[in-house]
Number of protein chains: 2
Amino acid sequence: MSRTAILLTTLQLLVIGGCNSNTPNKNADEEIIALERSALDKWSQSNTRGYVDISADDVTWFDFTPGKQLRIDGIEEFRNFVEPFGKQIPPHKYELANPKVQLYGNTAILTFHWNASTPDGQPMPSWKATSVYNWKDGKWRMVHGHWSVVQTE
Amino acid sequence: MSRTAILLTTLQLLVIGGCNSNTPNKNADEEIIALERSALDKWSQSNTRGYVDISADDVTWFDFTPGKQLRIDGIEEFRNFVEPFGKQIPPHKYELANPKVQLYGNTAILTFHWNASTPDGQPMPSWKATSVYNWKDGKWRMVHGHWSVVQTE
């Protein structure tokens, strides 16, 4: 192998490596849905910490609580908002229904419907959910969430 | 300049060019807010086509219309849903308030509040809006929208 050929090969590897060094793997859909489930599993046990745990430092959040309609900006604000009301959430069983992941490079949009019922089988209101994830430093983190209640006719 | 040096320079340019060939320019915030305004300007004139015009083929949409709570998937479904009700929207003045753009590579999340009033000054309900944009083939296109009404206390 000539010196030029070695140089060429090395630089080609740099091109490939440089572009892909921060690329999510091929199981993005499953990984992202699993992350969302990890947060919702805790939520169903009256624990709101799961969403804090999966969020990026720059997370933004549109909540549905009356009087909490401003956008929540950043992990500190999100933690301060979400942690206090964990105990107000009744234990429930939930279904993450109709999930779809749109993947654009290092960013993914998860959309789904959340249906739930109390332990004695009473249905709770259903919700539409958008969770946007970004792949950084080798892991997916939620960077935006928006939940809104399903309007019945 | 030696042959090796020329080769090095050429390949360095390839590294830079290869990674950045599909990178949005630095005015992403302004461009994205302008796109959203172009759609909302038409909306305020009872014309829903603006949102179709700025959307990608794979757009998804969570609407707020009672009975239209399934996720809308793809530009055809979105067009068929949104075009018929343009005439039902009263003319209004609107404010795109509190906008924030989170930029992650070729994807950007625009969040804002939409406040509006009728021509005679009556306030309309306010909304929280999430619009996710993706940069492809040299332009930004909306790939997801989620709107929910602001809940008063």
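Residues numbered from 1 in each chain as written. Chains lettered and ligands numbered in written order. Predicted model: local features only at pLDDT ≥ 70, side-chain atom pairs only at ≥ 80, totals over all residues.

1. Comments concerning the overall build of chain A
- Check the secondary structure of chain A and you find four helices and six strands.
- For chain A, the α and β elements follow one another from N to C terminus as α-α-α-β-β-α-β-β-β-β. (Helix = DSSP H or I, 4+ residues; strand = E, 2+ residues; numbered from the N terminus.)

2. A word on helix H2 (residues 28-43) of chain A
Residues and elements named next belong to chain A.
- Here H2 is 16 residues long and its end C-alpha atoms lie 23 Å apart, about the 22 Å a rise of 1.5 Å per residue gives.
- Turning to H2, its buried residues number three or more, namely Ile32, Leu35, Glu36, Ala39 and Trp43. Angularly, the buried residues of H2 cover 90° about the axis, an arc narrow enough to put them on a single face. In this structure, H2 carries Glu30 and Ala34 as exposed residues pointing more than 90 degrees from its buried face.
- Packed against the buried residues of H2 are helix H3 (49-53), strand S3 (93-104), strand S4 (107-117), strand S5 (127-136) and strand S6 (139-149). (Expected span 1.5 Å × (residues − 1). Buried ≥ 20, exposed ≤ 12 C-beta atoms within 10 Å, placed from the backbone. Arc of directions from axis to C-beta. Contact = placed C-beta atoms within 7 Å.)

3. Focus: the environment of Leu110(B)
Residues and elements named next belong to chain B.
- As for its placement among the helices and strands, Leu110 is situated in strand S4 (residues 107-117).
- Classification of Leu110 by C-beta neighbours within 10 Å gives buried; the count is 24.
- Placed 31 residues apart in sequence, Leu110 and Arg141 show a C-alpha to C-alpha distance of 12 Å.
- When near neighbours in sequence (up to four residues on either side) are disregarded, Leu110 contacts Ile32, Ile33, Glu36, Pro99, Val101, Ser131 and Tyr133.

4. Focus: the sheet that holds strand S2 (residues 72-73) of chain A
All names here are of chain A.
- Across the sheet, six strands lie side by side as S2-S1-S6-S5-S4-S3; this open sheet has mixed pairing. What marks the edges here is a single partner per strand, and that holds for S2 and S3.
- One ladder, built from ten bridges, connects S5 with S6; its direction is antiparallel. Looking at S6, one finds that Val132 is bridged to His144.
- Against the sheet, H2 touches S3, S4, S5 and S6, its axis set at about 145° to S3. (Pairing = 2+ DSSP bridges. Axes fitted to C-alpha atoms, helices over the stretch in contact; angles between N-to-C directions.)

5. So, the confidence of the model for chain A
Residues and elements named next belong to chain A.
- Averaged over all residues, the pLDDT of chain A is 86; the fraction at 70 or higher stands at 81%.
- Across residues 13-21, confidence stays below pLDDT 50; counting only partners more than four residues off in sequence or on other chains, it has eight contacts.
- Across the interfaces of the predicted complex, the ipTM metric reaches 0.85, alongside a pTM of 0.85. (pLDDT = per-residue confidence, 0-100.)

6. Some details on the sheet that holds strand S5 (residues 127-136) of chain B
All names here are of chain B.
- Strand order in the open sheet formed by six strands is S2-S1-S6-S5-S4-S3, with mixed pairing between adjacent strands. With one partner strand each, in any of the chains shown, strand S2 (72-73) and strand S3 (93-104) form the two edges of the open sheet.
- Along the sheet face, helix H2 (residues 28-43) touches S3, S4, S5 and strand S6 (139-149) and points at about 145° away from the line of S3.

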